[in-house]
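As a plain string of letters, each chain reads:
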Amino acid sequence: MHNNQDLTLARAVRVLEERLRPAIHSRPHPLMIAAHRVGGEPIAVADGLAAEYAPTQPGEPWGRAWDTTWFRVTGQVPAEFAGERVEVLLDLGFDINMTGFQAEGLVYRADGSPVRSLHPRAQWIPVVGEATGGEPIEFYVEAASNPVLLDYVPFQPTEKGEWATAGEELLYRLRRADVVVFETEVFELVHDVEVLLQLAQQLDASSARRARILFALDRALDAVDLQNIAGTAAAGRAELVEVLSSPAAPSAHRITAVGHAHIDSAWLWPLRETVRKVARTTSSMVTLLDEHDDFIYAMSSAQQYAWIKEHRPEVYARVKQAVADGRFVPVGGMWVEADAVLPGGEAMIRQFLYGQRFFRDEFGIECRGAWLPDSFGYSAALPQLLVGAGFEWFLTQKISWNERNIFPHSSFHWEGIDGSRIFTHFPSMDTYNSQLSGDEVARADRNFKEKSIGSSSLAPTGWGDGGGGTTREMIARAKRLADLEGSAKVTWETPDAFFERARAELPEPAVWKGELYLERHRATYTTQHKMKQGNRRSEQLLFEAELWASVAAVRTGHPYPYETLDRAWHEVLLLQFHDILPGTSIAWVHREAVVRYALVAQTLNQIIADSLAALGVELDAAEPNLLVNAAPIAQSGVAAGAVSLPVTPAGTTASVAGDGFVLASDAVRIELDAAGHVVSAVDLASGRDAIPAGERGNLLQLHQDFPNLWDAWDVDNSYRTMRRDIETADEVRLDGDAIVVRRSFGASSIEQRLSLSADGRALLIDNTVDWQETEKFLKLAFPIDVFADTAIAETQFGFQSRATHDNTSWENARFETHAQRWFLVQEPGFGVAFANDSTYGFDVVRSQRGGTVVSDVRFSMLRAPRFPDPRTDLGVQQMRFALAFGADPARATELGWAVNVPARPARGAELAPLVTSSDPRVLISAVKLADDRSGDLIVRVYEASGGRASTELTVDLPVASVRAADLLERPGDPVAHSATDDGVSVGLTLRPFQVQTLRITRA
Ligand SMILES: [Zn+2]
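What you are looking at is a predicted structure, and each value in this text was computed from that prediction instead of being measured.

Cut-offs applied
- Residues numbered from 1 in each chain as written.
- Predicted model: local features only at pLDDT ≥ 70, side-chain atom pairs only at ≥ 80, totals over all residues.
- Heavy atoms only, no water.
- Pairing = 2+ DSSP bridges.
- Helix = DSSP H or I, 4+ residues; strand = E, 2+ residues; numbered from the N terminus.
- Axes fitted to C-alpha atoms, helices over the stretch in contact; angles between N-to-C directions.
- Contact = heavy atoms within 4.5 Å.
- Buried < 20%, exposed > 50% of the residue type's maximum accessible area, 1.4 Å probe, protein only.
- Donors = N, O, S within 2.8 Å, 3.2 Å for Na, K, Ca; no water.
- Tetrahedral: all angles 85-135°; square planar, octahedral: opposite > 155°, others 65-115°.
- 1 Å grid on protein atoms, 1.4 Å probe; cavity = no way out; pocket = protein on both sides within 12 Å on 5 of 7 lines; lining within 4 Å.
- Points joined across faces, edges and corners; volume = space filled by probe spheres on them.
- Core = buried A, V, L, I, M, F, W, Y, C linked by side-chain atoms within 4.5 Å.
- Phe/Tyr/Trp six-rings, centres within 6.5 Å; stacked < 30°, edge-to-face > 60°.
- Parallel < 35°, antiparallel > 145°, perpendicular 65-115°, else oblique.
- Left-handed = near helix turned anticlockwise from the far one by under 90°.
- Nonpolar A, V, L, I, M, F, W, Y, C, P; charged D, E, K, R; others polar.
- Polar contact = N/O pair within 3.5 Å; in protein donor to acceptor, adjacent residues only side chain to side chain.
- Salt bridge = Lys/Arg side-chain N within 4 Å of Asp/Glu carboxyl O.
- Expected span 1.5 Å × (residues − 1).

Undergrad: So what exactly am I meant to see when it comes to the sheet that holds strand S10 (residues 136-144) here?
TA: Strands pair in a sheet through their backbones, by hydrogen bonds, and they do so in one of two ways: parallel or antiparallel. Pairing within the open sheet is antiparallel, and its six strands lie in the order S3-S2-S5-S10-S7-S8. Only two strands of the sheet have a single partner each, and these edge strands are strand S3 (54-56) and strand S8 (114-118). The mean inter-strand angle of the sheet, taken between neighbouring strand axes irrespective of direction, is 30 degrees. Pairing between strand S2 (residues 32-37) and strand S5 (residues 68-76): six bridges, direction antiparallel. Paired with isoleucine 33 across the strands is valine 73, a residue of S5. Where helix H7 (residues 271-291) meets the sheet, its contacts fall on S5, strand S7 (104-109), S8 and S10, and the angle it forms with S8 comes to roughly 110 degrees.

This is how it looks when you write it as structure tokens:
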């Protein structure tokens, strides 16, 4: 027998694509189309239905960028369609190679009830399952002409990311609006052939299974008359029954398919469009659930459910029913799929608190796992926070995007900075948009790392971002792949069911300790500075607002602003979405976010002022004499959480010295040269100079920054080789106790104000940059005379170390890293801490100069990518840095808090702290009233030093009970406490980096 396998494959490909697939829909009859152009922001459905429509037809252009056009499609089912399954095909001008990211529509009936969505890969509308002929057809389509921004040549600067600059060009051209017959048997034949063909393409050329599949495909194609496909499809299928019914091997890989659509909450479209994207996709998914009994669909992000609830209640009612049936599965338990390294610790907890609260209130369930397939790296604090919030599992696949290193596990225990572990799975298909193609199914099997003992991986299945979610084609594939020889087995299952089996298969999973660093998207720690600043300031203000509102509530009965705080949190949590806070959205999104952050700040400052006023403390008073210190560290002699008279500040001086300048206190002496560079920084206690002899700190370095891909996201390692040091200053002068340095470069300029902190212990650098660069990266460099193998960086509720060398490819890949409020280089007995008030990126390089190793430490300040926002970060940007010399992690932690939660001047009554911790290693991260509005006080502390610490926590309040609580504030065991004069004292012993929540019921 001759082997003609290649010919059979080629034959099957051509017949499938050119003849069989187009024959699924037959006998088209054109329908009438009319259109109403909205010419602005979306309108209500009722207004869309009632609008004036003008006739249009296939071939006509429609839709300027971001506009909405309502189409009306009318006609009737032809009499000759009697007995047939009838659909409408409506092609708005789709490009099927682009599954999301373009025009989309939601189809309504004349009564305003939604039918389903229209997408490039789902252009059909159901009309009737078995026609009698003559049925009237009337559909309305709310169509969004969203521009394609990530085109065939991606990452080009574009003005289409804003309504105002997008231009009036009509972007789409109607292609067809026909009523057609849906040929069920042809549809089934297409999927029989497709699944077998794609399986054969994956099998070894010498395998018997492949030969038998191809032999059967030849026979099937022989049986199909290409001039009468509908009439002969059944005969073709009959030839494939045997090869399709041959079962999978006992050791076959098992894929849990979960219907899914990864819909970014904003990205290449504004937030308001996501509201509609979610409604469109979801309306189709609830219908698909009705039609296929075994199908399971999972959706994350409480925010997205809240949007449907508010904007498309009729879709939401169906979602709610499907959730109750266990078929539509909320996953992730978070408010949004947040960035997972930039949010502060409290904010991460609130993502879980507000997410789970929504799912509990709306559906009576809580998610058992965290679902972050796409965030750009995962902090080493997360395992503790996930476990503490009650999660049993964690899922992401993003680490498969690593540029250098392949992660060694698919399912494993992920261990955090405190030793907490959570069972984690990376879908081995390496995608969160599976279509269950033969290639993907084979890849899931091939890549799965635990195959010596385990067999299970998960596949989020469906088009995201406005691609429409799971399709009937994917369902058809899954049906054939359920138990098929030569393939992995595919089953629709809930993520919880998958994780139960995966955990049972791996009783002793491998352990990965520390952060899940993404070897890509390293620029997201810096891009769109105002997102970083807005987030940090909001987190600070929320901390202060909750503290003072709680103190006012428990001491004076002042009403606690639950609703206002909830709204502020919802805003901040939404803006932590993994394309907003990272700075990777279009200009529209970031412009709106700046406004939203400003409103949040206004609201929270009002809560702080009102709460303090209720306590007799007046902010913004003339001639203030008190300091309000919300931070969990003493500042200027004012205790943590107190309001009192500050101690007289230590004397700090700024003076001219020769050509240069000196900043001095009894703790440090900083010398600047005539160009405003720091040439000496002596810690007087140790006598050590942090700056190597003859070198300069506070040196601005400007790099060319044009990554290979993903401009707003990526900085490539090659950026370091193209550098310009800003050597000169336009002006350096004394200004009171500060030194002001002005420099210009290109069209940009910077003013720096260098001074010492009130206690004289830290160098403060306040930067105001008028940034006018293109594709540049601005760093502020300090050569530090410290021999450090690692740089220590604050993460949520603690810190972690990263190598400063690059011995291995893993270390080499971490050339740009992130910190929360501080990072530190140290050798035993001496270190230098670098704190910031609104940046996250930094790098440390070991260099050998003068026969010794120097740590070159740099803050990442600003970038200027041109995609997707062509004017990223242009304009005035501000940030504060602080340096402490002779520092260790404890000092760095203190500095980080001081820079971010500075004391506020005030007049009026002094206040003793409501809660104090006797051990400075145990810091208060939240004081608030309980989320359940019981009036209980919630106090959260964390061990900040990485060691064991015992503290006496004093609560200045009559107390009925003290209980431990989880991060969702659910009460646990009673905690022993003893009475004090005005309250209670609670003895706590914490593990390294442990986060502990207490729920205190007032007497
Ligand atoms: Zn995403």
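Don't stop here, the text continues.
Undergrad: Where do I start with the pairing of strand S29 (residues 678-683) in this structure?
TA: Across the six residues that make up S29, a large majority, five, are buried. Bridging between strand S28 (residues 668-672) and S29 involves five bridges; their strand directions are antiparallel. Paired with valine 668 across the bridge in S29 is aspartate 683. Between S28 and S29, which pair antiparallel one after the other, the connecting turn spans five residues, and glycine 676 there sits at a positive phi close to 80 degrees. Sheet analysis places S29 next to strand S30 (residues 688-689), joined by two bridges and oriented antiparallel. Bridge assignment links valine 682 to a residue of S30, and that residue is aspartate 689. Linkage of S29 to S30, two consecutive antiparallel strands, is achieved through a turn of four residues, within which glycine 687 is found at a positive phi near 80 degrees.

Undergrad: Explain the coordination of the zinc ion to me, please; I cannot follow it from the model alone.
TA: Note on metal geometry: ideal angles are 109.5 degrees for four donors arranged tetrahedrally and 90 or 180 degrees for six donors arranged octahedrally. On the protein side, the zinc ion has His262 (NE2), Asp264 (OD), Asp374 (OD) and His578 (NE2) as donor atoms, found 1.9 to 2.1 Å from it. The coordination sphere of the zinc ion comprises four donor atoms, whose angles at the metal cover 90 to 153 degrees; the geometry is irregular. Each donor residue of the zinc ion belongs to the same chain, and together they define the spacing H-x1-D-x109-D-x203-H. Residue histidine 262 is located in the loop between strand S13 (254-259) and H7, and its partner histidine 578 is located in the loop between helix H16 (562-575) and helix H17 (587-614); the two are separated by 316 residues in the primary sequence.

Undergrad: Looking at this structure, I do not really get the layout of surface pockets. What am I missing?
TA: Over the atoms rolls a probe the size of a water molecule, and its path tells where empty space is left. Of the voids in this model, the largest pocket is the one considered here, and its volume is about 810 Å³. Arg21, Ile96, Pro120, Arg121 and Glu473 are, among the 27 residues lining the largest pocket, the residues nearest its centre. Elements with a minimum of two residues in the lining of the largest pocket: strand S6 (86-91), helix H3 (184-202) and helix H13 (472-480).

Undergrad: I keep staring at the nonpolar core and nothing clicks. Help me out?
TA: Generally speaking, nonpolar side chains in soluble globular proteins are found buried as a group. In this structure, Leu240, Phe328, Phe352, Trp414, Leu516 and Trp548 are the most contacted members of the largest nonpolar core, which totals 213 residues. The greatest single-element share of this core, amounting to twelve residues, is contributed by helix H15 (residues 529-556). If near-sequence neighbours (up to four positions away) are discounted, leucine 516 is found in contact with Gly377, Tyr378, Phe394, Ile399, Phe407, Phe412, Trp414 and Phe426. Counting residues in each nonpolar core, the second largest holds 50 residues, with Leu702, Phe745, Phe834 and Phe859 among its members.

Undergrad: Help me understand the environment of histidine 413 in this model?
TA: Checked against the element boundaries, histidine 413 lands in strand S18 (residues 411-415). Expressed as a C-alpha distance, the spacing of histidine 413 and tryptophan 512, which sit 99 residues apart in the sequence, is 6.3 Å. Among residues more than four places away in sequence, those in contact with histidine 413 are Arg421, Ile422, Phe423, Pro509, Ala510, Val511 and Trp512.

Undergrad: Whenever I open this one, the packing of aromatic side chains confuses me. Can you help?
TA: Geometry of an aromatic ring pair is reported as the spacing of the ring centres plus the angle between the planes. Tallying each qualifying case throughout the model produces 52 aromatic pairs. Their ring planes at 80 degrees and their centres at 5.4 Å tell us that tryptophan 66 and tryptophan 588 sit as a pair that is edge-to-face. Remark: tryptophan 588 occurs in helix H17 and tryptophan 66 occurs in the loop between strand S4 (61-62) and S5; sequence separation between them is 522 residues. Neither tryptophan 66 nor tryptophan 588 differs from the other in exposure class; each is buried. Ring geometry for phenylalanine 407 versus tryptophan 512: centroids 4.5 Å apart, planes at 50 degrees, classification tilted. Note that phenylalanine 407 is positioned in the loop between strand S17 (393-395) and S18 and tryptophan 512 in strand S22 (residues 511-513), a separation of 105 residues in sequence.

Undergrad: So what exactly am I meant to see when it comes to unusual backbone geometry here?
TA: Residues other than glycine predominantly adopt negative phi, and peptide bonds predominantly adopt the trans conformation. Here the bond from phenylalanine 867 into proline 868 is cis, since omega is 5 degrees, no more than 30 degrees from zero. Secondary-structure assignment places proline 868 in the loop between strand S44 (852-863) and strand S45 (875-885). Of note, histidine 521 is a non-glycine position whose phi angle comes to about 55 degrees, a positive value. Positionally, histidine 521 belongs in the loop between S22 and H15. By relative accessible area, which is 1% here, histidine 521 ends up buried. The phi dihedral of serine 636 is positive, around 50 degrees, even though this residue is not glycine. For serine 636, a relative accessible area of 31% gives the class partly exposed.

Undergrad: Quick question: what am I supposed to make of the packing of H3 against H13 here?
TA: When two helices pack together, their arrangement is given by the angle between their axes and by how far apart the axes lie. Direction vectors running N to C along H3 and H13 enclose 60 degrees, while the axes themselves pass 10 Å from each other. Judged by the inter-axis angle, H3 sits oblique to H13. By crossing handedness, the relation of H3 to H13 is classed as right-handed. In this structure, H3 contributes Phe187, Glu188, His191, Asp192, Glu194 and Val195 to the contact, and H13 contributes Arg472, Glu473, Ala476, Arg477, Lys479 and Arg480. When the residues that make up the contact of H3 with H13 are grouped by side-chain class, the tally is three nonpolar, one polar and eight charged.

Undergrad: Would you explain the side chain of arginine 940 in this entry?
TA: In this structure, arginine 940 sits in strand S49 (residues 937-943). On the basis of relative accessibility, which here comes to 0%, the residue arginine 940 falls in the buried class. At 2.7 Å, the side chain of arginine 940 forms a polar contact with the side chain of glutamate 346. Apart from the residues within four sequence positions on either side, arginine 940 is in contact with Glu346, Ile349, Arg350, Leu923, Ile924, Ser925, Ala926, Leu967, Val995, Gln996 and Thr997.

Undergrad: Would you mind showing me how to read the sheet that holds strand S47 (residues 915-917) here?
TA: Read from one edge to the other, the open sheet built from four strands follows the order S47-S50-S54-S53, with strand pairing classed as antiparallel. Every interior strand has two partners, whereas the edge strands, S47 and strand S53 (977-979), have only one. Between one strand axis and the next, the sheet turns by 20 degrees as a mean value, whatever way the strands run. Both S47 and strand S50 (residues 949-955) contribute to a ladder of three bridges, which runs antiparallel. Across the sheet, serine 917 pairs through a bridge with leucine 953, a residue of S50.

Undergrad: What's the story with the pattern of salt bridges in this structure? I'm lost.
TA: One side chain can pair with another of opposite charge once the charged atoms of both are near each other. Counting across every chain of the model gives 85 salt bridges. Aspartate 766 is the salt-bridge partner of arginine 880, the closest N and O atoms lying 2.7 Å from each other. On the criterion of sequence distance, the pair formed by arginine 880 in strand S45 and aspartate 766 in strand S36 (residues 762-771) is long-range, its members being 114 residues apart. By relative accessible area, aspartate 766 is classed as partly exposed at 23%. Across the pair arginine 849 and aspartate 856 runs a salt bridge whose closest N-O atoms are separated by 3.0 Å. Residue classification places aspartate 856 among the buried positions, given a relative accessible area of 17%. Among the charged side chains, a salt-bridge network with shared partners connects Glu41, Glu104, Glu142, Arg272, Glu273, Arg276, Lys277, Arg280 and Arg312.

Undergrad: Sorry if this is basic, but what is going on with the pairing of strand S33 (residues 731-735) here?
TA: Look at any regular strand and the pattern is simple: side chains alternate between the two faces of the sheet. Looking at chain direction, S33 and strand S34 (residues 738-745) are connected through five bridges and run antiparallel. Within the sheet, the bridge partner assigned to valine 732 lies in S34 and is valine 741.

Undergrad: Hey, could you run me through helix H19 (residues 889-900) in this one?
TA: The periodicity of an α-helix, 3.6 residues per turn, causes residues three or four positions apart to be oriented the same way. For H19, built from twelve residues, the straight-helix expectation of 16 Å at 1.5 Å per residue is met to within 8% by its first-to-last C-alpha distance of 16 Å. Most of H19 sits out of view: nine of its twelve residues are buried. When H19 is considered as a whole, its buried residues turn out to be Pro889, Arg891, Ala892, Thr893, Leu895, Gly896, Trp897, Val899 and Asn900.

Undergrad: Before we go on, may I ask you to explain the side chain of serine 265 in this structure?
TA: Its location among the elements puts serine 265 in the loop between S13 and H7. Assessed through its relative accessible area of 0%, serine 265 is described here as buried. A polar side-chain atom of serine 265 sits 3.1 Å from a polar atom in the side chain of glutamine 304. Here serine 265 is in contact with Leu271, Thr274, Gln304, Trp307, Val336, Leu574 and Phe577, once residues within four sequence places are set aside.

Note that every value here comes from positions in space, so none of it alone points to a role or purpose.
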